[in-house]
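Summary of the model geometry
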Amino acid sequence: MKYVVSLVVRPEVIEHAMNCLARLIRLLLGRNAVAESKLECGLKLTVLGIDISTTDDGYSFRPSPAKVLKWSKLIKQYLHKQILEAGEASKLAGRLSWAAASVFNRIGRATLRPIIDQQKRRDGWMSAELDRSLRWWLEVFECGLAEIKRWQQVTERTMHLFCDASGRQGLGAVLLAGDTRLCTRMMPPATLMQQFQPRADNQIMGLELMAISLGLTTFEKWIKDRKLVIWCDNCGSEMALRRGSARSYDHAQLVHAQWTFIAKAGIAVHVQRIASDDNIADLPSRGEMQWMASRGVSEIEPKLAEVFECPEAWRELSEKWSAFGHNAHVALPRQCGLRSAGACV
């Protein structure tokens, strides 16, 4: 590490170091192991579509604007045709694989899955899940995504977010990390409940997903640019968040918005399952706050982003996926409208 830092503070030796490394690789692997055109040096480089620049304080990674423009154009073409051939899916997955790297908090790992799965389809037709995934990428490109890493890393505690829903009784979320002990709770708005498809399970999976959204938006200033473990005791919502999508349209719409929020906030998310009896968020979801207060847990006013709560926002977001062509059999929320412009977290 000391050798690398010395190269940054002494740029005059970078080219010499590069040539020494190239000669070593050619000596070990053959003269053609490294093409001359691939040799680049400097304090700013573009590697695999990512602009990497260094300063005295650290280094930054951001998708190259030229590459983003190219990728966006390709994705829009695929969405217009509603066809993505296996070969093109393989190339696209490779081009976007940078977002599954740890430096970008692996934010793209969930939404890369449908693109990778498309490589197995011979007909090239796009599923609703792949359609949502590609539209997620377009939204993230517009955010100006960038990651900045400092030479001197500050060790911070991992945040733990516990989420739970108690049928129609309420939503609860608890955030724990060292001395940080926060909780929040709210009743699901009636207007929100009307957006879900009719089900016989009291909408428990949708409410569990909503509890996660409640925790993300309420505790945003504490979890921004941090490592976060999300604990959930519902198998369906856990798997939906891991995959970045869900079978039902209304659930998938929530997960899509959650991953958009996570990407914009720079959160490194890891999803874990927890037994219902061990989930501390069960208490605020049922309004049992006495035990929480006795343990020094502060209650925070709940905050739910408009895209989750406002029916108008649901209608606007649903317009993005209201026409699936060959996937027209996908069930849509009961109150989908035909409006322009989408909304995201």
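Computed from a prediction, not measured in an experiment: that's the story for all the values here.

**Considering the sheet that holds strand β10 (residues 298-299)**
Taken in spatial order, the 6 strands make up an open sheet running β9-β8-β5-β6-β7-β10, and their pairing is mixed. Whereas interior strands pair on both sides, the edge strands pair on one side only; in this sheet they are β9 (268-273) and β10. Where strand β5 (residues 159-165) and strand β6 (residues 171-177) come together, 6 bridges link them in antiparallel fashion. Pairing of D164 across the sheet is with G172, part of β6. Across the sheet, helix α10 (residues 235-243) is in contact with β8 (227-232) and β9; its angle to β9 comes to roughly 155 degrees.

**Brief notes about empty space enclosed by the protein**
As enumerated under the stated definition, the model contains 1 cavity of 30 Å³ or more in all. Taken as a whole, the largest cavity holds about 50 Å³ of empty space. Lining the largest cavity, in full, are T111, R132, S133, W136, G244, S245, A252, V255, H256 and W259. Of all the secondary structure elements, the ones that give two or more residues to the lining of the largest cavity are α6 (128-142) and α11 (249-265). It is α11 that contributes the most residues to the lining of the largest cavity, 4 residues altogether. Its residues placed into classes, the lining of the largest cavity shows 4 nonpolar, 5 polar and 1 charged.

**Observations concerning unusual backbone geometry**
Notably, Q82 is not glycine yet its phi reads approximately 60 degrees, a positive angle. For Q82, the location among the structural elements is in the loop between α3 (65-81) and α4 (86-96). Accessibility expressed as a relative area gives 10% for Q82, which makes it buried. Positive phi outside glycine occurs at D225, with the angle close to 60 degrees. Turning to its location among the elements, D225 is positioned in the loop between α9 (220-223) and β8. A relative accessible area of 51% means that D225 is categorised as exposed.

**Examining α10**
Taken together, the buried positions of α10 are occupied by S237, E238, A240 and L241. When α10 is viewed along its axis, its buried side chains cluster within an angular range of 165 degrees and face the same direction. The distance from a side-chain oxygen at the start of α10 to the backbone nitrogen of G236 is 3.2 Å, and the residue carrying that oxygen is N234.

**Concerning the packing of α3 against α6**
Between α3 and α6, the least distance of the axes is 10 Å, while the angle of their chain directions is 150 degrees. Viewed along their axes, α3 and α6 adopt a mutual orientation that is roughly antiparallel. Seen along the crossing, α3 lies across α6 with a hand that is left-handed. Residues V68, W71, S72, I75, K76, Y78 and L79 of α3 lie in contact with α6, whose contacting residues are D131, L134, R135, W137, L138 and F141.

**A word on the sheet that holds strand β4 (residues 147-150)**
Strand order across the open sheet formed by 4 strands is β1-β2-β3-β4, with antiparallel pairing between neighbours. The strands lining the two open edges of the sheet, one partner per strand, are β1 (44-47) and β4. On average, each strand axis in the sheet is inclined to that of its neighbour by 20 degrees, with strand direction left out of account. Across 4 bridges, β1 lies against strand β2 (residues 50-54) in antiparallel orientation. Bridge pairing links K44 to S53 in β2.

Basis of the calculations
Residues numbered from 1 in each chain as written. Predicted model: local features only at pLDDT ≥ 70, side-chain atom pairs only at ≥ 80, totals over all residues. Heavy atoms only, no water. Pairing = 2+ DSSP bridges. Helix = DSSP H or I, 4+ residues; strand = E, 2+ residues; numbered from the N terminus. Contact = heavy atoms within 4.5 Å. Axes fitted to C-alpha atoms, helices over the stretch in contact; angles between N-to-C directions. 1 Å grid on protein atoms, 1.4 Å probe; cavity = no way out; pocket = protein on both sides within 12 Å on 5 of 7 lines; lining within 4 Å. Points joined across faces, edges and corners; volume = space filled by probe spheres on them. Nonpolar A, V, L, I, M, F, W, Y, C, P; charged D, E, K, R; others polar. Buried < 20%, exposed > 50% of the residue type's maximum accessible area, 1.4 Å probe, protein only. Arc of directions from axis to C-beta. Polar contact = N/O pair within 3.5 Å; in protein donor to acceptor, adjacent residues only side chain to side chain. Parallel < 35°, antiparallel > 145°, perpendicular 65-115°, else oblique. Left-handed = near helix turned anticlockwise from the far one by under 90°.

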